[in-house]
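One letter stands for each residue in the lines below.
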Amino acid sequence: MLYYLFTWLDQRYNIPGAGVFQYISFRTGMAVILSLFLTTVYGSRLIRILSAKQVGEPVRNLGLEGQMQKQGTPTMGGLIILLGILLPTLLFARLDNIYIMLMLVTTVWMGTIGFVDDYIKVFKKDKEGLAGRFKIMGQVGLALIIGWTMYFHPDIVVREQVPFPTVLDAHVEVRKKGNELYYTQDVKSTQTNFPFYKDNEFDYAKVLTFFNEDLKNYSLLVFLLVVIIIVTAVSNGANLTDGIDGLATGTSAIVGITLAILAYVSGNTIFAEYLNIMYIPNSGELVIFAGAFVGACVGFLWYNSYPAQVFMGDTGSLAIGGIIAAFAIMIRKELLIPALCGVFLVENLSVMIQVTYFKYTKRRFGEGRRVFLMSPLHHHYQKKGYHESKIVTRFWIVGIILAILTIVTLKLR
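Residues numbered from 1 in each chain as written. Predicted model: local features only at pLDDT ≥ 70, side-chain atom pairs only at ≥ 80, totals over all residues. Heavy atoms only, no water.

Caption draft 1: Representation of the overall build of the protein. Per the secondary structure count, the protein includes 15 helices and 5 strands. Counting over 413 residues, the protein shows a buried share of 50%. Within the protein, contacts between residues at least 6 apart in sequence are counted, and of these 70% link residues at least 24 apart. As presented, the protein carries roughly 20400 Å² of accessible surface, and 63% of it is formed by carbon and sulfur atoms. (Helix = DSSP H or I, 4+ residues; strand = E, 2+ residues; numbered from the N terminus. Buried < 20%, exposed > 50% of the residue type's maximum accessible area, 1.4 Å probe, protein only. Contact = heavy atoms within 4.5 Å. Areas by Shrake-Rupley, 256 points an atom, 1.4 Å probe, with all protein chains shown as cover.)

Caption draft 2: Molecular detail of the pattern of salt bridges. The tally for this structure, following the rule as stated, stands at 6 salt bridges. Here R27 and E285 are joined by a salt bridge, their closest N and O atoms 2.4 Å apart. With R27 in helix α2 (residues 24-52) and E285 in the loop between α9 (269-275) and α10 (286-304), this pair connects stretches of sequence that are 258 residues apart. For the residue pair R27 and E285, the accessibility class agrees, reading buried in each case. Each of D117, K121, K135 and D314 takes part in salt bridges that share partners, so that together they form one network. (Salt bridge = Lys/Arg side-chain N within 4 Å of Asp/Glu carboxyl O.)

Caption draft 3: Main features of the side chain of S266. On the secondary structure map, S266 appears in helix α8 (residues 247-266). Judged by its relative accessible area of 0%, S266 is buried. At 2.8 Å, the side chain of S266 forms a polar contact with the backbone oxygen of L262. With near-sequence residues (within four places) excluded, S266 lies in contact with I277, M278, Y279, I280, S283, I331 and K333. (Polar contact = N/O pair within 3.5 Å; in protein donor to acceptor, adjacent residues only side chain to side chain.)

Caption draft 4: Up close: helix α11 (residues 313-330). Between its first and last C-alpha, α11 extends 26 Å over 18 residues, near the 26 Å set by a 1.5 Å rise per residue. Counting buried positions over the 18 residues of α11 gives 18, a clear majority of the element. Trailing α11 by a residue or two, R332 shows a phi angle of about 55 degrees, which is positive. (Expected span 1.5 Å × (residues − 1).)

Caption draft 5: Broad picture of the packing of aromatic side chains. If you walk through the whole model with that rule in mind, you get 14 aromatic pairs. When the centroid spacing of 5.5 Å and the interplanar angle of 55 degrees are considered together, the rings of Y204 and F223 count as tilted. One end of the pair, Y204, is in the loop between β5 (201-203) and α6 (205-209); the other, F223, is in helix α7 (residues 219-241), with 19 residues separating them in the sequence. The residues Y204 and F223 share a single accessibility class, namely buried. Between K411 and the ring centre of Y274, over which it is positioned, the NZ or CZ distance is 5.5 Å. (Phe/Tyr/Trp six-rings, centres within 6.5 Å; stacked < 30°, edge-to-face > 60°. Lys NZ or Arg CZ within 6 Å of the ring centre and 35° of its normal.)

Caption draft 6: Local environment of the nonpolar core. Counting 87 residues, the largest nonpolar core has L259, L286, I324 and F327 as the members making the most contacts within it. Here this core takes 12 residues from α10, the largest share from any one element. Setting aside its immediate chain neighbours within four residues, L259 contacts I324, F327, A328, I331 and L340. Counting residues in each nonpolar core, the second largest holds 8 residues, with L247, V343, F372 and F395 among its members. (Core = buried A, V, L, I, M, F, W, Y, C linked by side-chain atoms within 4.5 Å.)

Caption draft 7: Expanded view of the packing of α2 against helix α3 (residues 78-92). Two elements in contact, α2 and α3, have axes whose closest approach is 8 Å; the angle formed by their N-to-C orientations is 145 degrees. Both α2 and α3 take part in a crossing whose hand is right-handed. Contacts between α2 and α3 pair R27, M30, A31, L34, S35, L38, T39, G43, L46 and I47 from the former with L79, I80, L83, G84, L87, P88, L91 and F92 from the latter. For the contact of α2 with α3, the class distribution of residues is 13 nonpolar, 4 polar and 1 charged. (Axes fitted to C-alpha atoms, helices over the stretch in contact; angles between N-to-C directions. Left-handed = near helix turned anticlockwise from the far one by under 90°. Nonpolar A, V, L, I, M, F, W, Y, C, P; charged D, E, K, R; others polar.)

Caption draft 8: The packing of α10 against α11, seen in detail. Closest axis-to-axis distance for the α10/α11 pair is 12 Å, and the angle between their directions is 155 degrees. The angle between α10 and α11 places the two elements in the roughly antiparallel class. Of the two elements, α10 crosses α11, and the hand of that crossing is left-handed. On α11, the residues that touch L286, F289, A290, F293 and C297 of α10 are I320, I323, I324, F327 and M330. Taken together, the residues of the contact of α10 with α11 break down into 10 nonpolar, no polar and no charged. (Parallel < 35°, antiparallel > 145°, perpendicular 65-115°, else oblique.)

Caption draft 9: Just a nonpolar patch on the surface, in detail. The grouping of L345, L349, M352, I353, Y357, Y360, F365 and V371 at the surface amounts to a nonpolar patch, some 700 Å² of accessible area in total. Secondary-structure assignment places V371 in the loop between α13 (342-365) and α14 (377-383). Judged by its relative accessible area of 44%, V371 is partly exposed. (Patch = residues over 30% accessible without salt bridge, like charges linked within 9 Å, V, L, I, M, F, W, Y side chains within 5 Å.)

Caption draft 10: Here's a closer look at helix α4 (residues 98-123). Taking 1.5 Å as the rise per residue, α4 with 26 residues should run 38 Å; its terminal C-alpha atoms sit 37 Å apart, in good agreement. The opening residue of α4, the one whose side-chain oxygen lies 2.8 Å from the backbone nitrogen of Y99, is N97. In the segment just after α4, K125 is the residue with positive phi, at about 60 degrees.

Right under this line is the structure:
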């Protein structure tokens, strides 16, 4: 909103300084500052409201040290994160940008699913919350919206090098690399970034053409399937990671900073050309959303670090996971998620391995056996006697290492 106001003031009255709103870097910085302000200052007020409403976290006794001391800690604190994301984005981002529209839809959509789940747990006194099938339906529904829009919306294009002459259905630019001229065009594409590959690009349309060239027209199905898997996996991974104070919040902030960097270089022609990666027109606006996201996570960490004064609940964790997944898909870096979201991945895998092995051994030996002392993985280390603050710090360090490796993959071919 402020972008349009100050652009109008600059054009109409030539007010000194109004032009700074044209710069993504300035608006990103302002989004971070406002997000931190909202989550830290107004976060405390919301915590008092949640405490007064007795919106306490129901805690099951799993035999973990210090666990029962958390009984009654306010939950649904994800509302603080949502406030810290939505308001700065609405104020500083260009709301006519399709990528920003999709991210706002993602935030509200997943936040609503999480809120309903928390509401059932807290106010309906149902520890199971929203039935799992309804969560999956919500995640799949969002994935279909994202995938369909990415595939068909005319403003979602990538800049590709094309032969000349070419079909002039879009503007063609002449560029120079060394002494050689080449031509680029903004086109619809099913390509995405692929790590460690020579050209750093992979086309979903080629998955089916490997079997039959006539199947190229069904590339939408492959793309939608990938989007569904990513959205459900990452949102559930973030949900599982939110088990001890500050773990999911800090890890998500690290991921958010990395996504902001990836969005900036992907939406900047100079950096994209230098790194020889896919340039995505208009995607640079996502950096502002990423700034608000990081600010909201860091600000919430003020109250969520050990000992937590508030839990984000599914309101926050499902929203965070959905945001990370959708963001990565939009900047076409979704195939980097296993590395970037490695903490979420191992938390997911630890649960899957534990459940699968338990069922297998129970069926074969008549008694269920476990690989981990408890899953998700962070509870395994708690059972081994590690203090949760040490576990969180070490998981953050792993997250930072994975974030650096993710960025490095842009140049490793």
